[in-house]
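In case you want the letters, here they are:
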Amino acid sequence: MKKEQESGLRNYATSNQLWVTHLPAQYLTRGSEAQVYLDIDSKHVVKINDAIYYATWLEYLNSLLLHNLIFKDTAYTFLGFIDLDNVLHAVVRQPFIIADGQAALEDIRAFLEYNGFENTRRHDYFNKTYGLILEDMHDENVILKFEKLFFIDTVFYTVAEE
């Protein structure tokens, strides 16, 4: 299904001029799912993601939407797609947050539990009310600045009620 979606997305990107032709020159880092570049304005990062954590492209796009609804301070702007070595990647832009301290795992847990997420294991959470799984919430994906948590790299999944 993901390959079929990819074919449709490639056609859609061509029809709607959503191909990104170049990335910012300043490469910052690579996580397990995204490569990160400092945008030319130095106030944002540009991330490219091949949706490897997701079974479908729809899951990835839904994860972006959920992130934007829940974590508005670090909302993604969808820029389009780029093909790198025949692999489709989504290209998104996000505010660049410079940490002034280390996010504590207990603070991340307390914040998420206050907002209805139950810790299921290690750094993974579940919100039963909304059927949301939120994974990989550790101190590299959550940044502390001015004593506030900024969630910069989230992985959401939705689950149907049983």
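Quick caveat: nothing in here was measured; it's all calculated off a predicted structure. (Residues numbered from 1 in each chain as written. Predicted model: local features only at pLDDT ≥ 70, side-chain atom pairs only at ≥ 80, totals over all residues. Heavy atoms only, no water.)

> Looking at this structure, I do not really get the pattern of salt bridges. What am I missing?
Side chains bearing opposite charge may pair, as long as their charged atoms lie close to each other. One pass over the structure, following the stated rule, counts eight salt bridges. For Lys 3, the salt bridge goes to Glu 6, with nearest N and O atoms at 3.6 Å. Of this pair, Lys 3 and Glu 6 both sit in helix α1 (residues 2-15), three residues apart, roughly one helical turn. Owing to a relative accessible area of 62%, Lys 3 belongs among the exposed residues under this scheme. Residue classification places Glu 6 among the buried positions, given a relative accessible area of 13%. Notably, a salt bridge pairs Arg 93 with Asp 39, separated by 2.5 Å at the nearest N-O pair. Here Arg 93 is found in strand β5 (residues 87-95), whereas its partner Asp 39 is found in the loop between β2 (34-38) and β3 (44-49), with 54 residues between them in sequence. On the accessibility criterion, Arg 93 (24% relative accessible area) is partly exposed. We classify Asp 39 as buried; its relative accessible area is 13%. Each of Lys 3, Glu 6, Arg 10 and Asp 83 takes part in salt bridges that share partners, so that together they form one network. (Salt bridge = Lys/Arg side-chain N within 4 Å of Asp/Glu carboxyl O. Helix = DSSP H or I, 4+ residues; strand = E, 2+ residues; numbered from the N terminus. Buried < 20%, exposed > 50% of the residue type's maximum accessible area, 1.4 Å probe, protein only.)

> What is the right way to look at the packing of aromatic side chains in this model?
The description of two aromatic rings rests on the distance between their centres and on the angle between their planes. The final tally for this structure, using the stated rule, is nine aromatic pairs. Each ring, one from Phe 71 and one from Phe 151, has its centre 4.3 Å from the other, and the planes form 15 degrees; the classification is stacked. Taken together, the positions of Phe 71 in the loop between α2 (57-70) and β4 (77-84) and Phe 151 in strand β10 (residues 148-151) put the pair 80 residues apart, joining distant regions of the chain. Phe 71 gets classed as buried once you look at its relative accessible area, which sits at 8%. (Phe/Tyr/Trp six-rings, centres within 6.5 Å; stacked < 30°, edge-to-face > 60°.)

> Can you help me understand the sheet that holds β2 in this one?
By way of backbone hydrogen bonds, the strands of a sheet pair with one another, either parallel or antiparallel. With antiparallel pairing, five strands are arranged side by side in an open sheet as β1-β2-β3-β5-β4. The two strands at the open ends of the sheet, each matched to only one other strand, are β1 (26-30) and β4. Strand-to-strand twist in this sheet, taken as the mean axis angle between neighbours without regard to direction, amounts to 25 degrees. In terms of strand pairing, β4 meets β5 through seven bridges, oriented antiparallel. Paired with Phe 81 across the two strands is Ala 90, which belongs to β5. Against the sheet, α1 engages β4 and β5, with an angle of about 65 degrees to β5. (Pairing = 2+ DSSP bridges. Axes fitted to C-alpha atoms, helices over the stretch in contact; angles between N-to-C directions. Contact = heavy atoms within 4.5 Å.)

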